Amino acid sequence: MIFEPKCIGKLSLATRELEGDLKKSLRVGPCAIGKQAVYLNSFFLDRRFYLRYDDIHRMFKRVAMSKGGFTGKGMFGTMSYLVVEYGQDQTITCNFKYEDDVDRFLEAVAEKHPEIPMHSKQAELKLKKAEEEERKRYVDHLSVTAENNVRSLQNAESYLNANPALSMALSENAKQKRVIDNINPTYQLVAAVILLLGLIACAGGIVAFLHQQGLAIYIVLFGIGIVFMVMSSRVLPTGRNNKAYAERQWKAAVENMRQYLKDFPQGSTEEDKEFPVPACYAHPLVLTRMVRVIREGRAETKEEAFRLMKEDLKKLNASVTVSQKEYDEVVVVKPMFLVENYQ
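Residues numbered from 1 in each chain as written. Predicted model: local features only at pLDDT ≥ 70, side-chain atom pairs only at ≥ 80, totals over all residues. Heavy atoms only, no water.

Enquirer: Help me understand the overall build of the protein chain in this model?
Expert: Helix and strand counts for the protein chain come out as 11 helices and 8 strands. When its C-alpha atoms are laid out on the principal axes, the protein chain stretches across 85 × 50 × 40 Å. Accessible surface computed for the protein chain: about 19600 Å², of which carbon and sulfur atoms make up 55%. Of the charged side chains in the protein chain, 48 are positive and 43 negative; the average position of the first set lies 5 Å away from that of the second. (Helix = DSSP H or I, 4+ residues; strand = E, 2+ residues; numbered from the N terminus. Areas by Shrake-Rupley, 256 points an atom, 1.4 Å probe, with all protein chains shown as cover. Lys, Arg positive; Asp, Glu negative; His and termini not counted. Charge placed at Lys NZ, Arg CZ, Asp CG, Glu CD.)

Enquirer: What am I meant to see in helix α9 (residues 284–295) here?
Expert: Helical geometry: 3.6 residues make up each α-helical turn, so side chains three or four residues apart lie on a common side. With 12 residues, α9 extends 17 Å between its outermost C-alpha atoms, agreeing within 8% with the 16 Å of an ideal straight helix rising 1.5 Å per residue. Within α9, 9 of the 12 residues are buried, leaving the element largely enclosed by the surrounding structure. Every buried residue of α9 is listed here: P284, V286, L287, R289, M290, V291, R292, V293 and I294. Buried positions along α9 lie against α3 (121–137), α4 (144–161), α5 (164–181), α10 (302–315) and α11 (324–339). G297, located one to two residues past α9, shows a positive phi value of around 80 degrees. (Expected span 1.5 Å × (residues − 1). Buried < 20%, exposed > 50% of the residue type's maximum accessible area, 1.4 Å probe, protein only. Contact = heavy atoms within 4.5 Å.)

Enquirer: Explain the packing of aromatic side chains here, please?
Expert: To describe a pair of aromatic rings, you give the distance between the ring centres and the angle between the ring planes. This structure, assessed with the given rule, holds 10 aromatic pairs. Consider the rings of F96 and F105, whose centres lie 6.4 Å apart with planes at 65 degrees: the pair is edge-to-face. On the basis of relative accessible area, F96 is assigned to the buried category, the value being 6%. Seen from their ring centres, F306 and F337 are 6.2 Å apart, and the 40 degrees between their planes marks the pair as tilted. Here F337 lies in helix α11 and F306 lies in helix α10, a separation of 31 residues in the sequence. Each member of the pair, F306 as well as F337, carries the same accessibility label: buried. Among the aromatic residues, those joined into a cluster by ring pairs are Y159, Y260, F264 and F275. A cation over a ring is seen here: K314 above Y342, with NZ or CZ 5.1 Å from the ring centre. (Phe/Tyr/Trp six-rings, centres within 6.5 Å; stacked < 30°, edge-to-face > 60°. Lys NZ or Arg CZ within 6 Å of the ring centre and 35° of its normal.)

Enquirer: Please clarify how the environment of T288 should be interpreted in this entry.
Expert: By the secondary structure assignment, T288 is in helix α9. Along the chain, T288 and Q154 lie 134 residues apart, while their C-alpha atoms are 7.7 Å from each other.

Enquirer: Sorry, what's going on with the packing of helix α6 (residues 185–210) against helix α7 (residues 216–233) here?
Expert: At a minimum axis separation of 7 Å, α6 and α7 run at an interaxial angle of 155 degrees. Judged by the inter-axis angle, α6 sits roughly antiparallel to α7. For α6 against α7, the interelement crossing comes out left-handed. Each of A191, I194, L195, G198, L199, A201, C202, G205, I206, A208 and F209 in α6 lies in contact with α7, whose residues at this interface are A216, I219, V220, F222, G223, I224, I226, V227, M229, V230 and M231. Looking at the contact of α6 with α7 residue by residue, the classes come out as 19 nonpolar, 3 polar and no charged. (Axes fitted to C-alpha atoms, helices over the stretch in contact; angles between N-to-C directions. Parallel < 35°, antiparallel > 145°, perpendicular 65-115°, else oblique. Left-handed = near helix turned anticlockwise from the far one by under 90°. Nonpolar A, V, L, I, M, F, W, Y, C, P; charged D, E, K, R; others polar.)

Enquirer: It is not clear to me how α6 should be interpreted in this structure. Could you clarify?
Expert: Taking 1.5 Å of rise per residue, the 26 residues of α6 would be expected to cover 38 Å, and the 38 Å separating its terminal C-alpha atoms lies within 8% of that figure. Among the residues of α6, A191, L195, G198, A201, C202, G205 and A208 are the ones counted as buried. Looking at the buried side of α6, the elements it contacts are α7. Of the residues flanking the end of α6, it is Q212, one or two places downstream, whose phi is positive at about 60 degrees.

Enquirer: Is there a simple way to think about the nonpolar core in this case?
Expert: Proteins that are soluble and globular tend to have nonpolar side chains buried together. M257, L261, F275 and M290 are the most contacted members of the largest nonpolar core, which has 45 residues in total. The element contributing the most residues to this core is α11, with 9 residues. With sequence-adjacent residues up to four places away left out, M290 is seen in contact with L153, V277, K302, A305, F306 and M309. (Core = buried A, V, L, I, M, F, W, Y, C linked by side-chain atoms within 4.5 Å.)

As structure tokens, this is what we get:
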């Protein structure tokens, strides 16, 4: 290995063990999940450190969210971090470019090591309180119609959970399309000008280097730094970062889900004749939120639950404070509704 990961816990691995574990690890974003350890990034280098599972006390996601993230006009601008607690009250914070990667990382670790808590202590208390408050909102007795619709929604949710990649593709492509569609053309123009200046600096530095001028190397490095900064911002369109590509990916995700729903098993009752939501909204969390609406006594039918669930999403804006559980659900499902304008 060119850069051998550094152990930051008490338990380390022999070089040969470390090399083999890292080679077979599951890489998620800048980190990786091995059989014996997790590999964590520094600010500059991917998989720079490692911790064996016995050293880890807790790991969880931390999100810094931009103002207006829940509004219909804005977009989900977030900075996502993986926080790992270990040793004697020690922590390491790893920055991720995509929030979905943090979620995938935590899900993969939780599957292999369910004994490791996946929420902060404060979040656990808030989640427990939120669950208790949610149960209090449920009515004691539902009508036969409501019970049948709850069962039907749960069956549909189980069907989606059998192939989670399709639902995940819907959410991820909706987020991507939402972000790209909301990039201000002015920002793109400014980025293009800065990129041009960076390229000019690179060219000028190369010319100065050929003429053996003293500051040439610094001018080249400055220009390269500007170019990389602009490209990493993802403001300028590229082959996979443009409106046409995002639109194609979104339509492909919806079509794949539509084909999958064609095989949805029809039940014997009227409630089970067809899938309860359109393919563009076919995500397990959408159905979970619809079940919640029925259990709260606000609706009896799936159509009414779907309408009220959409109204709840519309009401969430920058001025609304939500629980961690609500946030985790909204950032997954709301982009799909925003892309389709709640139709």
